[in-house]
Amino acid sequence: MYCRDLLFMTPLGAIISNMANNSRKDEILYAQRTLKENNIPILRTIEGKGRFEGADALWVNENLVVVGVGNRTNNEAYLQIKNVLQKLNVDCIMLPSYQTKTQHLLGTVQFVDKDLVLVRHEITDKAVINFLEENKYNIVYIPENPEVTENQAMNIVTVAPRKIIMTADC
């Protein structure tokens, strides 16, 4: 249903999730099969006590990834991801992801350009907003209203700088 949760892509291949929700654990098998069928390398599968869902990892720029640790991704997984990214010369930092109205960091933060980010500020941890402000992002603050909470207006896909696909009528 939510393919983004199953993996995290890098320029050199995928990092496969280890789903926090037991009912979704087998979904990664389909993601692995599809990657292999398309000759896309798998750099790592999160293992052991590490729990990771791909929607908690966000590219900030070509040299930095943030990983939301909290609801669905834990510190053990973060360290495994950081290890892979270090080998690619990509920095990786942890941000809190303990929001109650979404499952993942992606549910509250959406990068739509190199300097522009949408943020559900009313439910996003202040440390995340501080990180964005400190890094000089132009932040569009998205209020918690029915368009967002009921129609899923923040459940978007950025397809190019400042070009998104979103739910109809939002």
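Since the model is a prediction, treat every value here as computed from it, not as a measurement.

Moving on: the sheet that holds strand 8 (residues 116-119). Taken together, the three strands give an open sheet; going across it, the order is 7-8-9, and neighbouring strands pair in mixed fashion. Looking at which strands have only one partner, the edges of the open sheet turn out to be strand 7 (109-113) and strand 9 (138-141). Averaged over neighbouring strand pairs, the angle between their axes works out to 25° when direction is ignored. Taken strand by strand, helix 3 (residues 126-134) contacts strand 7, strand 8 and strand 9, and its axis lies near 140° from that of strand 9.

Turning our eyes to something else, we now look at the packing of aromatic side chains. Summed over the entire model, instances satisfying the criterion amount to two aromatic pairs. Centre to centre, the rings of Phe-8 and Trp-59 are 5.7 Å apart; their planes meet at 20°, and the pair counts as stacked. With a gap of 51 residues between them, Phe-8 in strand 1 (residues 7-10) and Trp-59 in strand 4 (residues 57-61) connect regions that are remote in the sequence. Look at Phe-8 and you get buried, because its relative accessible area is 2%. With 5.4 Å between their ring centres and 65° between their planes, Phe-111 and Tyr-137 make a pair best called edge-to-face. Taken together, the residues span a long stretch of sequence, with Phe-111 in strand 7 and Tyr-137 in the loop between helix 3 and strand 9 at a distance of 26 residues. Owing to a relative accessible area of 14%, Phe-111 belongs among the buried residues under this scheme.

Structurally, Ile-42 is set in strand 3 (residues 42-45). Looking at Ile-42, the relative accessible area reads 29%, which means it is partly exposed. Residues Ile-42 and Asn-83, 41 residues apart in the sequence, show an inter-C-alpha distance of 14 Å. Ile-42 has contacts with Ala-14, Ile-16, Gln-32, Leu-35 and Lys-36, leaving out every residue within four places of it along the chain.

This part covers helix 2 (residues 75-87). Since there are 3.6 residues in each turn of an α-helix, residues three or four apart along the chain are aligned in direction. Over its 13 residues, helix 2 extends 19 Å from the first C-alpha to the last, a length consistent with the 18 Å expected when each residue adds 1.5 Å. Those residues of helix 2 lying buried are Ala-77, Tyr-78, Gln-80, Ile-81, Val-84 and Leu-85. One side of helix 2 carries all its buried residues, which in axial view fall inside an arc of 165°. In this fold, the buried residues of helix 2 make contact with strand 1, strand 2 (13-16), strand 3, strand 5 (64-70) and strand 6 (91-97). One side-chain oxygen at the N-terminal end of helix 2 lies 3.3 Å from the backbone nitrogen of Glu-76; it belongs to Asn-74. Phi turns positive one or two residues past the end of helix 2, at Asn-89, with a value near 60°.

For the structure on display, the rule yields eight salt bridges. Salt-bridge contacts for Glu-37 lead to Arg-33; the nearest nitrogen and oxygen are separated by 3.8 Å. A residue pair is termed a helical-turn pair when its members lie 3 or 4 positions apart in one helix, as Glu-37 and Arg-33 do in helix 1 (residues 27-37) at four residues. Residue classification places Arg-33 among the partly exposed positions, given a relative accessible area of 46%. Where Asp-115 meets Arg-162, a salt bridge forms, and the shortest distance between an N and an O atom there is 3.1 Å. Of this pair, Asp-115 sits in the loop between strand 7 and strand 8 while Arg-162 sits in the loop between strand 10 (157-160) and strand 11 (163-165); the two residues are 47 residues apart in sequence, bridging distant segments of the chain.

Rules of the game
Residues numbered from 1 in each chain as written. Predicted model: local features only at pLDDT ≥ 70, side-chain atom pairs only at ≥ 80, totals over all residues. Heavy atoms only, no water. Pairing = 2+ DSSP bridges. Helix = DSSP H or I, 4+ residues; strand = E, 2+ residues; numbered from the N terminus. Axes fitted to C-alpha atoms, helices over the stretch in contact; angles between N-to-C directions. Contact = heavy atoms within 4.5 Å. Phe/Tyr/Trp six-rings, centres within 6.5 Å; stacked < 30°, edge-to-face > 60°. Buried < 20%, exposed > 50% of the residue type's maximum accessible area, 1.4 Å probe, protein only. Expected span 1.5 Å × (residues − 1). Arc of directions from axis to C-beta. Polar contact = N/O pair within 3.5 Å; in protein donor to acceptor, adjacent residues only side chain to side chain. Salt bridge = Lys/Arg side-chain N within 4 Å of Asp/Glu carboxyl O.

These results come straight from atomic positions and should not be treated as a statement about function.
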